[in-house]
Amino acid sequence: MITARAAATFDPVARSVATARAFVRDTLQGWGYTDVVDDAVVLTSELVTNAVIHAGTAADVLCLRTEDGVRVEIADHYPEREIPLQPAALDLGSLDSENGRGLLLCAALASRWGVEYSPTRKHVWFQLDLPDRPVGVRSAGPLLPVGLLPVTDERVRVAVVQVDSEGAVAAWNDDAAYLFGYTADQVIGKQLTDFTAWPQTPGTSTGIADALRLSRWEGSYGIRGADGRTIPVYGSHLRVRDPQGEPSTVCLLVRDYERAVLQTPVRAPVSDTAESRKTDPFEVFIGSPAPDDLDGLLQRTVERARDMLDADAAFLLLATDDETELEVRATTGLPSARQRFARVPVEAGTGRYGSARMPAVHEDLDAVPGAVPLLGNTGMRSVVTVPLKVEGRLTGSLGVAAEAAGRYSNEEALRLQFAADRIALAVESARLGELERLRRGSLSFLVEASDLLAGTLDRDQTLALMAQMTVPTLATWCAVYTIADPASDPELSYVLHEDEERIDGLKSLLTRISPPEPVRTPGARLWAAPAQAAHEAALRTSMRSIGIGDAGGLGSTTRTTLATAAAVGGETVVLPLVARNRVIGMLTLGKPSDDHFRQEILELAEDLSRRAALALDNARLYSERTAISQSLQRSLLPPGLPAVPNVEVDVIYRAAGEGNEVGGDFYDVFPIRDGAYGFAIGDVCGTGPEAAAVTGLARHALRLLAREGFAGPAVLERLNAAILDEGARSRFLTLLYGELWPQEDGSALLKVVCAGHPLPLRLRQDGSVEPAADPQPLLGVMEDLELYEQEFTLEPGDVLLCVTDGVTERREGTRMLGDDGLADVLAHCTGLTAGAVAARILRAVERFAAEPPSDDMAILTMRVPEPQ
């Protein structure tokens, strides 16, 4: 017979799990069913997590009271779930799987349980029966075993000590003076830690200072009396505020053997044999709010876990953000090498025993070396580990170990898991507080984002940064649309999801729907199209899978569609990317499974979108300018090297400066007339675009004048006049110009003019190197030049090397490669082709100094091959 009922519906958001736990706990405690509260809360937590996190729908929770116990029902509203079409045994799933953990717990804890399906919901219920009690016995509160009552020869003295927010004694009663030998005048105003020992050891009072900051604490420590002896005491500390709001701590202290006066007794049913049960060390702690000190909380947790299972060691690890590793944050009984910040993988091997996500019991580590990496070479033989989970997410791992084998079984694992479930939320809360302190400052995110966006002018990298800064910090997934010009339609340019396996499905979904309308109005606006499209696709897939629609089987496409529907099923917002009074794109942010954005997140996203829009537009302008610059620069380079009969010709060109393809150095090889070819290599004063402009003038003038029939000196004299005509824009120029005539006997005749340029070097077959021309005045300085032409012949096997001063003036500190160094390198190039000679010269230049070259560099090689 149902005697009472209570029902509530919880939204599909993560915080609903904690709210549902509180609802069930308050309901059952109000009915007086404290004996089954813990089991009911554990089962409710798992089943509501399945509904709001995994199914992604609201959860209905119904509590029904009967004379013998309580029945709790949890239902979700996932419409696309495949309905079982024929009766079959329920599959609880693999023990290695995260899915189905709620049903496993139901099987382990509930008196009865079941699962019911309908076309619109899945219904899981469990029944918890009350334990039998002797007739007429009712518990009005926790009982204290007689054996724990103190034995006193005189009245019990309770020292009352009040400590202010700075740790100084503010009050000291008569019993404190009697117990410890100090009068109030002797201690008031002094630090309590001056008189305390922790634990009961002089000079180690660090722990008591931590305890005074807690809202409530119980435990043993020592007080050094006036006679110098350490007096063991048991203390109960309560954190309070005075009428002015200032915090202080009231400490009640008794002799340690009188601890039963203050100690919180075990909460157990009257029918249990109190003497046979051990006090759960977690019970004292869990009744207190979590302190701000994460390290202190974790250390007390491992100590209580060790005591609870009578272990030799205990450890607590917290998961990293990506949940791939666990970081050691607290240990007891382990070597210092196993202390804080050491890391172990979450998945240490195959199966449940190699994963920190499931409880595990190892009876003998010697039989499975390496199963628990943290305990390697520590002497520990048996270990039990359980996960710390908050709302279905792994946040850490708690373990205890013993030096003897076979100490632990599933019973200890279940007990430790229940303790971990009670402590997980407090640990996570304290951890979040620590993260908040580490990331203090409301603008830190935007400052970092601005720095990152300002650090690149590459469009694709800017898009990637925009997405990576929003996912998962601001949203579960994001998409960036760009608009090339006002007449263009928005184009999907980048998609990112926090789960990489969902990106392809999300991108496919977004390409099938029309992009959001580019609206310049600032702020975020809702966009329902992705969620609607995903819902319709999932519905069609589900209908096909149960045979209602078109025939088809479950496959990878079906799984991708359903996963995408869950990922995109929440709220989607669009923020305009406005730069220089033009909408250049949209930033789209999404949540999964009917989740919604907080207003603070949207405001932060709006600030980010303004910065990202300007960075994206700057990248666009830079890309356009770079494309134009590179196009103009490429127009100044020769179109290609002509094929010269019986002569190998090769060129290596390097322009100094990022993004420059042409600088102050230039080269050219071109046909003049049948059987005659012109070549030039020069260096304009300076680097960059201004120097490149003069190189264009010189190269085109050389070709034009040479093809008009002018000899080398006449060509350079007219080029000199053209440079001087540039006026203030003119720059002096060194130039080596020559004409090449391949001969029928296999040699090549050359006529060269070297106007202020590094002299060309001739390499003969015997390895000797000599200059092939004399130096003459450079161009662009004097109006009247008298230049002359020098003639020589390259025999088969000879090489002519022409370089700019970027080669000869290569420096490493005070050393310079110079003409002699270049000649030494060339002397070792006999027998090499023209291309190999040029490559060897370049390697010698690059290896001469550690720093990259700072000057333009051109290498022109010509070689007459030996007859075959």
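The paragraphs below set out a description of the structure included in this document. (Residues numbered from 1 in each chain as written. Predicted model: local features only at pLDDT ≥ 70, side-chain atom pairs only at ≥ 80, totals over all residues. Heavy atoms only, no water.)

**So, helix α8 (residues 294–308)**
Here's step 1: With 15 residues, α8 ought to run about 21 Å at 1.5 Å a step, and its terminal C-alpha atoms sit 21 Å apart, in line with that.
Here's step 2: Regarding α8, the residues found buried are Leu294, Gly296, Leu297, Leu298, Arg300, Thr301, Val302, Arg304, Ala305 and Met308.
Here's step 3: Immediately beyond the C-terminal end of α8, within one or two residues, lies aspartate 310, with a positive phi of roughly 50°. (Helix = DSSP H or I, 4+ residues; strand = E, 2+ residues; numbered from the N terminus. Expected span 1.5 Å × (residues − 1). Buried < 20%, exposed > 50% of the residue type's maximum accessible area, 1.4 Å probe, protein only.)

**Thoughts on the pairing of strand β34 (residues 857–863)**
Regular strands show a simple pattern: their side chains alternate between the two faces of the sheet.
Here's step 1: Summarising burial for β34: seven of the seven residues are buried, a large majority.
Here's step 2: Across the two faces of β34 the burial is the same, with Met857, Ile859, Thr861 and Arg863 and Ala858, Leu860 and Met862 all buried.
Here's step 3: Here seven bridges tie strand β23 (residues 648–654) to β34, and the two strands are oriented antiparallel to one another. Counterpart to valine 651 in the pairing with β34 is leucine 860. (Pairing = 2+ DSSP bridges.)

**Concerning the pattern of salt bridges**
Here's step 1: Taken as a whole and assessed by the stated rule, the structure comprises 22 salt bridges.
Here's step 2: Aspartate 668 is the partner of arginine 703 in a salt bridge, and the nearest nitrogen-oxygen pair spans 2.7 Å. You can see arginine 703 sitting in helix α16 (residues 688–707) and its partner aspartate 668 sitting in strand β24 (residues 665–673), a full 35 residues away along the chain. Of the two residues, arginine 703 and aspartate 668, both sit in the buried class. (Salt bridge = Lys/Arg side-chain N within 4 Å of Asp/Glu carboxyl O.)

**With respect to the sheet that holds strand β31 (residues 799–803)**
Here's step 1: Pairing is antiparallel in the open sheet, where five strands are placed in the order β23-β34-β31-β28-β29. Looking along the sheet, the strands with just one partner apiece sit at the ends: β23 and β29 (769–771). The sheet shows a mean angle of 20° between the axes of neighbouring strands, taken without regard to direction.
Here's step 2: As paired strands, strand β28 (residues 761–763) and β31 are joined by three bridges and run antiparallel to one another. Within β31, the residue paired with leucine 761 across the bridge is leucine 801.
Here's step 3: Running over the sheet, helix α19 (residues 818–827) touches β28, β29 and β31 and is turned about 25° from β28.
Here's step 4: Lying on the sheet, helix α20 (residues 834–848) is in contact with β23, β31 and β34; it crosses β34 at an angle near 150°. (Axes fitted to C-alpha atoms, helices over the stretch in contact; angles between N-to-C directions. Contact = heavy atoms within 4.5 Å.)

**Considering the packing of aromatic side chains**
Here's step 1: This structure, assessed with the given rule, holds five aromatic pairs.
Here's step 2: Judged by centre distance (5.9 Å) and plane angle (55°), the rings of tryptophan 172 and phenylalanine 180 are tilted.
Here's step 3: By relative accessible area, tryptophan 172 is classed as buried at 10%.
Here's step 4: Between the aromatic rings of tyrosine 653 and tyrosine 667, the centroid separation amounts to 5.8 Å while the plane-to-plane angle is 50°, which identifies the pairing as tilted. Placement of tyrosine 653 in strand β23 and of tyrosine 667 in strand β24 is noted, with a sequence separation of 14 residues between them. (Phe/Tyr/Trp six-rings, centres within 6.5 Å; stacked < 30°, edge-to-face > 60°.)

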